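So you can see what is in the structure, the chains are spelled out below.
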Amino acid sequence: MFRAVGSVLKRNKESIYGIARGSTSSSHRAFTCNVTSSTTVNSASSSPLAGNSFNGLRSLLKGQKAPTFRKMSTFRKILHTILKILNINLLNGMSHVLIHSLLSDEAWAKEFEKYKQSPEYKRVNKGMNLEDFKFIYWMEYAHRMWGRGLGIMFALPFSYFLRKGYITLRLGVQLSGLFALGAGQGFIGWWMVKSGLEEPPSEYSQPRVSPYRLAAHLTSAFAIYCGLFWTALSVVMPEPPAESLAWVRGAAKVKKLALPVSFIVGITAISGAFVAGNDAGRAFNTFPKMGDTWIPDGIFEMKPLIRNFFENTATVQLDHRLLATTTLLAIGTMWWFTRKLDIHPAVKALIGSTVGMTAVQVTLGVSTLLSYVPVSLGSAHQAGALTLLTLMLLLNHTLRRPSPSLLKSLPPVVKSNFS
């Protein structure tokens, strides 16, 4: 089965081939860099009052108890799974060489004949040759096999650690819930793809997957990723960085802003799924105006009114633009109101990094729109959304309130010999 976005994949086939050839090494370098940085954080012994962002992040785990072997084994398993989810979202590491060995010539011809009966072929890809069909077939097949392989990669070590007693009851329940969500994600994916095989409501409509189901699929993927990332952080960093009661009070003030900002970031990311589901990125390819106007006509033409926010191309894109702008302003406001607070250097560094990533993400979004959504920029924009969400998760995790036992041991302010 194939998604209705097959036509988009076909038009951008060479771009995706380029990504498939080069993205694995680049993404692995990036991941290696991140993991190396995390290792540096764990081994850092610099002052928690270091003035720059790098030293602020290095001090994130200062004062933490050294994680046990069991905790680190569990953390590495979770981190490995997180990296695989990132690869699923970005479809990295695809090798088109395997396309030709996947099926025999007779089997390929049979599959192609089945595809010719679909609405997508008849209305969008009529005249597609076998090589182009193999390309979109492989994209779908690899995505599914990668997802199933991820389930195995999670279940086997999880079962082993559970049997050996390396996982506590609480952590076991959390990981079991995440595994169940992963299994449900496969069903949501099938449910989404199935909608792309149905006849469009009118002869003028192009077949495409339901934007509602696409949004559900993306939201579920983000939820699984966030759950895994938060769980991994909790294993390796059971206590938030805290050197004094003053820093704890400062973190509480930042948290009041970070929580609503995180909600805005999440809603903006989900709204991007509706942009993709309605192919809204290929309309109004101008910025800052939408065409010749700030607000296009017909944004409320659908009935009932609520449908416009999920199915009307103009409204969906306008909504995403407004949410992205709100995100930029919200994160900028958070930085402005917290810049003079007495808070941990790691918190300041995270807020600064979030501001920078937001600027990059907005730039990617505008560039993607003005370039008529090339696959390379579209993938980078999606990766940017996940990166920004990751930074907000890390910030919120760092802002947690310490345990009562740790609070009792903290001095009112940081000792002067650290300054």
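The paragraphs below set out a description of the structure included in this document. (Residues numbered from 1 in each chain as written. Predicted model: local features only at pLDDT ≥ 70, side-chain atom pairs only at ≥ 80, totals over all residues. Heavy atoms only, no water.)

## A closer look at the packing of aromatic side chains
- Here the structure, examined in full by the defined rule, presents 20 aromatic pairs.
- A centroid spacing of 5.0 Å and a plane angle of 75 degrees characterise the contact between Trp-108 and Tyr-137, whose relative ring orientation is edge-to-face. Separated by 29 residues along the polypeptide, Trp-108 in helix α6 (residues 105-116) and Tyr-137 in helix α8 (residues 130-164) bring together distant segments of the chain.
- For Tyr-137, a relative accessible area of 15% gives the class buried.
- With centroids separated by 5.9 Å and ring planes inclined at 75 degrees, the aromatic side chains of Tyr-115 and Tyr-121 adopt a geometry described as edge-to-face.
- By relative accessible area, Tyr-115 is classed as buried at 2%.
- Each residue in the set Trp-108, Phe-112, Tyr-115, Tyr-121, Phe-133, Tyr-137, Trp-138 and Tyr-141 is aromatic and connected to the rest through ring pairs, giving one cluster.
- When the ring centre of Phe-112 is taken as reference, the NZ or CZ atom of Lys-116 above it lies at 4.7 Å.
- A cation sits over an aromatic face here: Arg-339 above Trp-336, 3.6 Å from the ring centre. (Phe/Tyr/Trp six-rings, centres within 6.5 Å; stacked < 30°, edge-to-face > 60°. Helix = DSSP H or I, 4+ residues; strand = E, 2+ residues; numbered from the N terminus. Buried < 20%, exposed > 50% of the residue type's maximum accessible area, 1.4 Å probe, protein only. Lys NZ or Arg CZ within 6 Å of the ring centre and 35° of its normal.)

## Brief notes about the nonpolar core
- Ranked by internal contacts, the top residues of the largest apolar core, which has 35 residues, are Val-261, Val-265, Met-334, Val-347, Ile-351, Leu-395 and Leu-399.
- Sorting elements by how many residues they give to this core places helix α11 (residues 245-277) first, with nine residues.
- Beyond its immediate stretch of four places on either side in the chain, Met-334 contacts Leu-257, Ala-258, Val-261, Ile-351, Met-392 and Leu-395. (Core = buried A, V, L, I, M, F, W, Y, C linked by side-chain atoms within 4.5 Å. Contact = heavy atoms within 4.5 Å.)

## Remarks on the pattern of salt bridges
- For the structure shown, the criterion picks out six salt bridges.
- Put simply, Glu-198 and Lys-194 hold a salt bridge, and the shortest N to O gap is 3.9 Å.
- Between Glu-311 and Arg-307 there is a salt bridge, with the nearest N and O atoms lying 3.0 Å from each other.
- Residue classification places Glu-311 among the partly exposed residues on the basis of a relative accessible area of 23%. (Salt bridge = Lys/Arg side-chain N within 4 Å of Asp/Glu carboxyl O.)

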